[in-house]
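Below, each chain spelled out in residue letters.
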Amino acid sequence: MATTEFIAAIELSSSKATGIAGRKNSDGSIEILAYAREDAAPFVHKGNIYNIDKAAHTLASLKDRLEEQLGHPIAQVYTSIGGQSLRTVSNTVSRTLDEESIISPELVDAITDENLGTHYADMCVLDVAPQEYKIDNALHADPVGVTGTQVTGQFLNIMARASVKKNLELSFEQAGIALADLFVAPTALAKAALTEAEMRSGCALVDFGADTTTLQVYKNNLLRYL
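The sections below set out a description of the structure shown in this document.

Reading the values: rules and limits
- Residues numbered from 1 in each chain as written.
- Predicted model: local features only at pLDDT ≥ 70, side-chain atom pairs only at ≥ 80, totals over all residues.
- Heavy atoms only, no water.
- Pairing = 2+ DSSP bridges.
- Helix = DSSP H or I, 4+ residues; strand = E, 2+ residues; numbered from the N terminus.
- Axes fitted to C-alpha atoms, helices over the stretch in contact; angles between N-to-C directions.
- Contact = heavy atoms within 4.5 Å.
- Salt bridge = Lys/Arg side-chain N within 4 Å of Asp/Glu carboxyl O.
- Buried < 20%, exposed > 50% of the residue type's maximum accessible area, 1.4 Å probe, protein only.
- Polar contact = N/O pair within 3.5 Å; in protein donor to acceptor, adjacent residues only side chain to side chain.
- Expected span 1.5 Å × (residues − 1).
- Arc of directions from axis to C-beta.

## Some words on the sheet that holds strand E9 (residues 138–140)
Taken together, the four strands give an open sheet; going across it, the order is E7-E10-E8-E9, and neighbouring strands pair in antiparallel fashion. Of all the strands in the sheet, the pair left with one neighbour each is strand E7 (87–102) and E9. Across this sheet, the average inter-strand angle for adjacent strands is 30°, counted without regard to direction. Sheet topology note: the E7/strand E10 (residues 147–161) ladder contains 12 bridges and is antiparallel. Residue Ser90 lies in a different strand from E10, and its bridge partner there is Leu156. Where helix H3 (residues 162–175) meets the sheet, it contacts strand E8 (123–135) and E10, and its direction lies at approximately 60° from that of E10.

## Overview of the pattern of salt bridges
Going through the model one piece at a time under the given rule, you end up with six salt bridges. Here Glu67 makes a salt bridge to Lys63, at a shortest N to O gap of 2.8 Å. Taken as a pair, Glu67 and Lys63 lie in helix H1 (residues 52–70) at a separation of four residues, close to a single helical turn. By relative accessible area, which is 17% here, Glu67 ends up buried. Among the salt bridges present, the one from Glu169 reaches Lys165, with a minimum N-O distance of 2.8 Å.

## Re the side chain of Gln131
Along the chain, Gln131 falls in strand E8. At 2.8 Å, the side chain of Gln131 forms a polar contact with the backbone oxygen of Ala129.

## Considerations on H3
The end-to-end C-alpha separation of H3 is 20 Å, in line with the 20 Å expected for 14 residues at 1.5 Å each. Every buried residue belonging to H3 is among Val164, Asn167, Leu168, Ser171, Phe172 and Ala175, and all of these are buried. Along the axis of H3, the buried positions cluster into a sector of 130°, meaning they face one direction only. Exposed and facing more than 90 degrees away from the buried side of H3 are Lys166 and Glu173. Elements in contact with the buried residues of H3: strand E1 (7–12), strand E5 (48–49), H1, strand E6 (76–81), E10 and strand E11 (178–184). Just downstream of H3, Gly176 is the residue with a positive phi angle, here 75°.

Dropping the structure here:
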């Protein structure tokens, strides 16, 4: 079995560090093949890693234990970021056109890129939850193809302190573990726990952690608040 057939993830939370590995079956189900857990309290508090050396040692130990159970090496892992510095910040980006025109994908991409380039002191944008686009006086979920003279993109930027993300990445780097991707922990949980009908009709999801309680609000299939 090739290493690429495995999916592995490691999460560092305030109470524990957890590693899990498995593979996706042809029917879409996930088969769990390895699981390991270690204490993370000595170096993680409220989602922030305070001791890189201890975190790296724990990460390396988890990877070794997972590989031992699998009987195969793990090339890269997925991880997530959470904690008390996570929050959403609303932002808008507007464009005024010379005349009434059809909103193009290129214009929407330019508005999206400008939002991503917004600077926040000591914070970084982890992900973006696009909201509606206001074209003249009407709101649209998909603005492409709509005509108007002014378009305003409404965005919900998911933020965290830059140091939280940096320390997490440094811990994996020092452990010699390649990252496949970095997810936002609460939104990943929502995708697993909530149905499309719940997110469409409107709901709140509360996650009680060891040091942090996270609240998310969904409506019309969009994240509205974190």
